[in-house]
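Commentary on secondary and tertiary structure
Residues per chain are reported as follows:
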Amino acid sequence: MGVNKMKLDIQKRETRSKSAVKAMRREKQIPAVIYHRSKDAEMISLDATLFSAMLREVVPGRLSTTLFVLKDAKGAERRAIIKDIQYNPVTYDVIHLDFEELIPDVTVNVKVPVECINIADCNGIKLGGFLRQVIRHVKVNCLPKDIPTHFELDIKNMVLYDQKRIKDLAIPQTLRPLVNLNEVIVVIAKR
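Residues numbered from 1 in each chain as written. Predicted model: local features only at pLDDT ≥ 70, side-chain atom pairs only at ≥ 80, totals over all residues. Heavy atoms only, no water.

What about the sheet that holds strand E9 (residues 137-142)?
The four strands are arranged E10-E7-E9-E12 in an open sheet whose pairing can be described as mixed. The outermost strands of the open sheet, each flanked by one partner alone, are strand E10 (151-154) and strand E12 (176-177). Inspection of the sheet shows strand E7 (residues 108-117) paired to E9 by six bridges, in the antiparallel sense. Bridge pairing links Pro-113 to His-137 in E9. (Pairing = 2+ DSSP bridges. Helix = DSSP H or I, 4+ residues; strand = E, 2+ residues; numbered from the N terminus.)

See the structure below:
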């Protein structure tokens, strides 16, 4: 389960005024912030067109586990994940990003997507049921090198009214779930 890597060029920004941020957006730049464990947050900007093109390459649902390599004007690179993304409610353009810098020996909380497999072969669905996915992400704590892209949940052998819980996922020992393992992920419900 290798993590997707995306490279982004970033520029430092000095001002946080509304007029400067609006001007930045007009110039097809996205204002963003990089949060660090031990330092103050850093204000940056990045190219909106390139970021939108990268977003189209991310498998739906996996943005929270996608690794970004942020390269500044001096060529220094830092690894980060997206912690928050804000969209324009009308155009759905990205208008702000929050990154969390990854430090190799410091654990991080990540929302890992749960993807169901063998849906077409599921016994319960063949008998007229439907898949109801209650939980789409499981929050875990781990080192940056252990971040999975997703968890797979095989539902092939589920029958009507069957349910699978978080404890049914194959969660590696290197990850610490931050949720109740008895929570239901999926149910095969009757139509």
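Alright, that's what it looks like, and here's the rest.
Digging into the nonpolar core
Grouped together as the largest cluster of nonpolar side chains are 25 residues, with contacts concentrated most on Val-138, Phe-151, Ile-155 and Leu-169. Residue contacts for Ile-155: discarding those within four places in its chain leaves Cys-116, Ile-117, Asn-118, Ile-119, Cys-122, Ile-125, Leu-131, Val-186 and Ile-188. (Core = buried A, V, L, I, M, F, W, Y, C linked by side-chain atoms within 4.5 Å. Buried < 20%, exposed > 50% of the residue type's maximum accessible area, 1.4 Å probe, protein only. Contact = heavy atoms within 4.5 Å.)

Side note on helix H2 (residues 48-57)
Because an α-helix completes one turn every 3.6 residues, residues spaced three or four positions apart along the sequence face the same direction. Of all the positions in H2, only Ala-48, Phe-51 and Met-54 are classed as buried. Across the axial projection of H2, the buried residues extend over an arc of 125°, all falling on one side. Among the exposed residues of H2, those oriented more than 90 degrees off its buried face are Thr-49, Leu-50, Arg-56 and Glu-57. The inward-facing, buried residues of H2 contact strand E1 (5-12), strand E2 (29-35), strand E3 (42-47), strand E4 (67-71), strand E5 (77-87) and strand E6 (94-101). Near the N-terminus of H2, the side chain that reaches the backbone nitrogen of Thr-49, with its oxygen 2.9 Å away, is that of Asp-47. (Arc of directions from axis to C-beta. Polar contact = N/O pair within 3.5 Å; in protein donor to acceptor, adjacent residues only side chain to side chain.)

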